Amino acid sequence: MTRPVYVHDLTALAAHAAAIRAALPPRVELLYATKANPDPGMLRTLAPVVDGFEAASGGELRHLGTVLPDRPPAALAGPGKTDRDLAAALAARVRRIHVESPAELHRLARLARAAGTPADVLLRVNLPVTVAGAALVMGGAPSPFGMSPAEALRCLRRPPDGVRVRGVHAHLASGLDPDTAATVAGAVVDWAVSQAGVTEVNVGGGMAVDYADPGARFDWPRYGQRLASLLDPYPELLLRIEPGRSVTAYCAAYLTEVVDVKRSFGDWFVVVAGGTHHLRTPAAKGHAQPFTVHARAGAAGPRTDGGPVTIVGQLCTPKDVLSRTADAGPIGVGDVLVFGMAGAYAWNISHHDFLMHEQPEFRVGDPVRVAGQWAAQRGC
Ligand SMILES: *Cc1c(COP(=O)(O)O)cnc(C)c1O
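Here the structure is a predicted model, which is why all the values come from computation and not from measurement.

Rules behind the numbers
Residues numbered from 1 in each chain as written. Predicted model: local features only at pLDDT ≥ 70, side-chain atom pairs only at ≥ 80, totals over all residues. Heavy atoms only, no water. Salt bridge = Lys/Arg side-chain N within 4 Å of Asp/Glu carboxyl O. Helix = DSSP H or I, 4+ residues; strand = E, 2+ residues; numbered from the N terminus. Buried < 20%, exposed > 50% of the residue type's maximum accessible area, 1.4 Å probe, protein only. Near = heavy atom within 4 Å. Polar contact = N/O pair within 3.5 Å; in protein donor to acceptor, adjacent residues only side chain to side chain. Areas by Shrake-Rupley, 256 points an atom, 1.4 Å probe, with all protein chains shown as cover. Expected span 1.5 Å × (residues − 1). Arc of directions from axis to C-beta. Contact = heavy atoms within 4.5 Å. Axes fitted to C-alpha atoms, helices over the stretch in contact; angles between N-to-C directions. Parallel < 35°, antiparallel > 145°, perpendicular 65-115°, else oblique. Left-handed = near helix turned anticlockwise from the far one by under 90°. Nonpolar A, V, L, I, M, F, W, Y, C, P; charged D, E, K, R; others polar. Domains from an automatic or database assignment. Buried area = accessible area lost by both parts, 1.4 Å probe.

Chemist: Quick one: what's the story with the pattern of salt bridges, residue by residue and with numbers?
Modeler: Taken as a whole and judged by the stated rule, the model has 19 salt bridges. Residue Arg96 is joined to Asp120 by a salt bridge in which the shortest nitrogen-to-oxygen separation is 4.0 Å. Placement of the pair is Arg96 in strand β5 (residues 96–99) and Asp120 in strand β6 (residues 119–124), with a sequence separation of 24 residues. The residues Arg96 and Asp120 share a single accessibility class, namely buried. Of the charged contacts, one joins Glu257 and Arg296 as a salt bridge, the two residues approaching to 3.1 Å between their closest N and O atoms. You can see Glu257 sitting in strand β12 (residues 252–264) and its partner Arg296 sitting in the loop between β14 (291–294) and β15 (309–312), a full 39 residues away along the chain. Connected through shared salt-bridge partners, Glu29, Arg95, Arg96, Asp120, Arg164, Arg166, Glu200 and Arg240 make up one network.

Pasting the structure below:
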């Protein structure tokens, strides 16, 4: 067997999502950003735990309607929503439409009047936020996302007929640690309440995932405590978050088999079946994807010397690098490599058709067990 396989650990996902929910104050709504991984099994696993799903396109809206027909999506977001997308959101009774520009707001209002269905919207605001201590400035720079605070205030003061502006939405950065994420949330809430006069606020996703440290997790209890104290002075406030990566990243792995091992001008290369056209995450983020090695039973082929290796796939481009590492130990032909943290922005962002290789298989289970069974098959 050389066909790579994605293994989705839905048991781990259910437990992880429940722990996130339990760490948040009851008044904080937890949405899942579908674009991180729209796999139907994952969506169905998350459905009983999260308060809803955020669709970032008309396509995701249709997908959610098929996978979870009894559950109108909580939000439609994303740049460049067409009239068709907006009309579909109104027809599907999506709870909130996140509006990206004044022009989009007016287009939506016209469609809502025509449909006789008022649209409940959040205005996406590109708000400048300074995080003291971290010397960090977010938002407030030219961006295709959201509208300026001044534009948002104009839309709030004179909303067109057909829309009800319920509040604001801000997704300003990703890779945030709990304290920074809570500080940003606080700044958005302060602006929403004091300047915009609204009490419904979605502060987006972007909670950090550290690919260099697969055992580390975003500290949800700490973030939850910070949000609880943020909510304290505002009894009316409805706060919502919409993480993606930090929910599903840990709950899938990409398993593949070593096809060739070679030395090139002193450096070891390990060539696996598949590659970044199946798992684009390391190429997209510029990191080494973490992996473990399951030695093939009875393998007699060549092995690396245990020193630094570059793990590459089957694409005819030097960019097809899954990982580089100094300390993987010896790797031989037939060994099974388990690339962890492949549950978010992985298969669904990959360029599947490049070079027309076979697509991976998809299974539900424990990746390490599947790898053990695979490697135990005598081969080579
Ligand atoms: C992508 C996105 C998210 C999810 O971000 P993660 O980094 O995956 O948590 C949330 N909100 C918006 C508006 C997004 O575009």
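Chemist: Break down the site of the ligand for me, with residues and values.
Modeler: Surveying the vicinity of the ligand reveals 13 residues, the closest of which are Lys35, Gly206, Glu242, Arg245 and Tyr345. Contact between the ligand and Gly206: an oxygen atom at 2.8 Å from a main-chain N or O atom of the residue. Calculation on the ligand without its partners gives an accessible area of 390 Å², and the protein chains cover 89% of this total.

Chemist: Report on helix α8 (residues 220–231), specifying residues and quantitative values.
Modeler: Each α-helix winds once per 3.6 residues, and so residues spaced three or four apart point in a common direction. Between its first and last C-alpha atoms α8 spans 16 Å; for twelve residues at 1.5 Å apiece the expected length is 16 Å, and the two agree. Residues of α8 that are buried include every one of Trp220, Tyr223, Gly224, Leu227, Leu230 and Leu231, and no others. An end-on view of α8 places all buried positions within 120° of arc, on one side of the element. Next to the buried residues of α8 lie α1 (10–23), β2 (28–33), α7 (178–196), β11 (238–241) and α9 (245–248). Taking the backbone nitrogen of Arg222 as reference, a side-chain oxygen 3.1 Å away marks Asp219 as the first, capping residue of α8.

Chemist: Help me get a handle on the packing of helix α3 (residues 58–67) against helix α4 (residues 83–91), residues and values and all.
Modeler: In the contact formed by α3 and α4, the axes pass within 9 Å of each other and the chain directions differ by 30°. The orientation of α3 relative to α4 falls into the category roughly parallel. When you trace α3 past α4, the crossing you get is left-handed. Residues Gly58, Leu61 and Arg62 of α3 lie in contact with α4, whose contacting residues are Arg84, Asp85, Ala88 and Ala89. Taken together, the residues of the contact of α3 with α4 sort by class into three nonpolar, one polar and three charged.

Chemist: Mind laying out the domain arrangement of the protein chain, listing which residues take part and the relevant values?
Modeler: Parsing the protein chain into structural domains produces domain 1 (74–243) and domain 2 (250–376). Put simply, the middle of domain 1 and the middle of domain 2, counted by C-alpha atoms, are 38 Å apart. Together domain 1 and domain 2 conceal approximately 630 Å² of surface at their shared face, both sides included; 69% is due to carbon and sulfur atoms. Looking only at domain 1, the three residues that lose the most surface to domain 2 are Tyr211, Pro214 and Arg217, adding up to 81% of its buried area. Taken together, domain 1 and domain 2 are joined by zero salt bridges. Here domain 1 is connected to domain 2 by zero residue pairs in polar contact (both at pLDDT 80 or more).

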